[in-house]
Amino acid sequence: MRKQKEVEMKILMALSAIALVSACSTATSPVQKYASPHSITLNYSAYDMVPTLTSEARDMAIDHCAKYGKFANYQGGNAVNPLSSEETHRFACESRKTDDGKVIAGQSNRTNLIVLY
């Protein structure tokens, strides 16, 4: 009976760990930090080594700029600080649409860290 309780406890702990890791891999909803007819800045938490541009953030920027008859052009994103998962993403509201893919590709380059002992 005691062995069965130990096994059940281990299974429960494993499932809890899986649920915790799954929850951490999901970005939070974007929060508007700044907005004007010329730009919008959104903050949210995401869990990756490089900035993560979510579809929800992109849609919020598109809707914001469309109010002014403009296109949302992604300017880039960065971590708020190295000890947090919070990110800031900036969009310019402009009359012409530019290729966001170049900016996204540029910031998606992961830096390889070499540790010398």
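Residues numbered from 1 in each chain as written. Predicted model: local features only at pLDDT ≥ 70, side-chain atom pairs only at ≥ 80, totals over all residues. Heavy atoms only, no water.

Description of the side chain of Asp-100
Operational definition: Counting from the N terminus, the helices are the DSSP runs of H or I reaching at least four residues and the strands are the DSSP runs of E reaching at least two. When a residue's accessible area, from a 1.4 Å probe over protein chains only, is under 20% of the maximum for its type it is buried; when over 50% it is exposed; and in between it is partly exposed. In what follows, a contact means two residues having at least one pair of non-hydrogen atoms within 4.5 Å.
Within the secondary structure layout, Asp-100 lies in helix H3 (residues 100-107). Relative accessible area serves as the criterion here: at 9%, Asp-100 is assigned to the buried category. Once residues lying within four places of it in the same chain are set aside, the contact partners of Asp-100 are Arg-58, Ala-72, Asn-73 and Tyr-74.

A few points about a nonpolar patch on the surface
For clarity, the cut-off: Like-charged residues within 9 Å of one another, or nonpolar side chains (Val, Leu, Ile, Met, Phe, Trp, Tyr) within 5 Å, are grouped into patches, provided each residue has over 30% relative accessible area and no salt bridge. Surface accessibility in these figures is a Shrake-Rupley result with a 1.4 Å probe; residues are shielded only by whichever protein chains are displayed. Only one rule defines a salt bridge in this text: a Lys or Arg side-chain nitrogen within 4 Å of an Asp or Glu carboxyl oxygen.
The grouping of Met-9, Leu-12 and Met-13 at the surface amounts to a nonpolar patch, some 330 Å² of accessible area in total. Residue class for Met-9 comes out partly exposed when judged on its relative accessible area of 48%.

Some remarks on the sheet that holds strand S1 (residues 31-35)
In sheet architecture, strand pairing relies on hydrogen bonds along the backbone and comes in two forms, parallel and antiparallel. As a reminder, the rule being used: A strand pair is defined by DSSP finding two or more bridges across the two strands. As a rule, the C-alpha atoms of each element are fitted with a line to give its axis, helices using only the stretch in contact, and angles between N-to-C directions run from 0 to 180 degrees.
One open sheet accounts for four strands, arranged S1-S2-S4-S3; its pairing is antiparallel. Across the chains shown, the open sheet's two edge strands, defined by having one partner strand only, are S1 and strand S3 (71-79). Adjacent strand axes in the sheet meet at a mean angle of 25° when their direction is disregarded. Bridge count for S3 against strand S4 (residues 86-94) is eight bridges, and the pairing is antiparallel. Each residue of the ladder has a partner; that of Phe-71, found in S4, is Glu-94. Packing against the sheet, helix H2 (residues 55-66) makes contact with S1, strand S2 (39-45), S3 and S4, and its axis sits at approximately 160° to S2.

A short note on the nonpolar core
Note the cut-off: For our purposes a nonpolar core is just a set of buried Ala, Val, Leu, Ile, Met, Phe, Trp, Tyr and Cys residues, chained together by side-chain atoms within 4.5 Å.
By size, the foremost hydrophobic cluster in this structure holds 11 residues: Ile-40, Leu-42, Tyr-44, Ala-46, Ala-57, Ala-61, Cys-65, Ala-72, Tyr-74, Phe-91 and Cys-93. Taken together, the elements giving at least two residues each to this core come down to S2, H2, S3 and S4. Setting aside residues up to four positions removed in sequence, Ala-57 forms contacts with Pro-30, Leu-42, Tyr-44 and Phe-91.

A word on the confidence of the model for the protein chain
Going by this rule: A residue's pLDDT is the predictor's confidence in that residue, given on a scale from 0 to 100.
Looking at the protein chain, pLDDT values average 82 and 79% of them are 70 or higher. Within the model, the stretch residues 19-23 combines pLDDT values under 50 with zero contacts to residues more than four positions away or in other chains.

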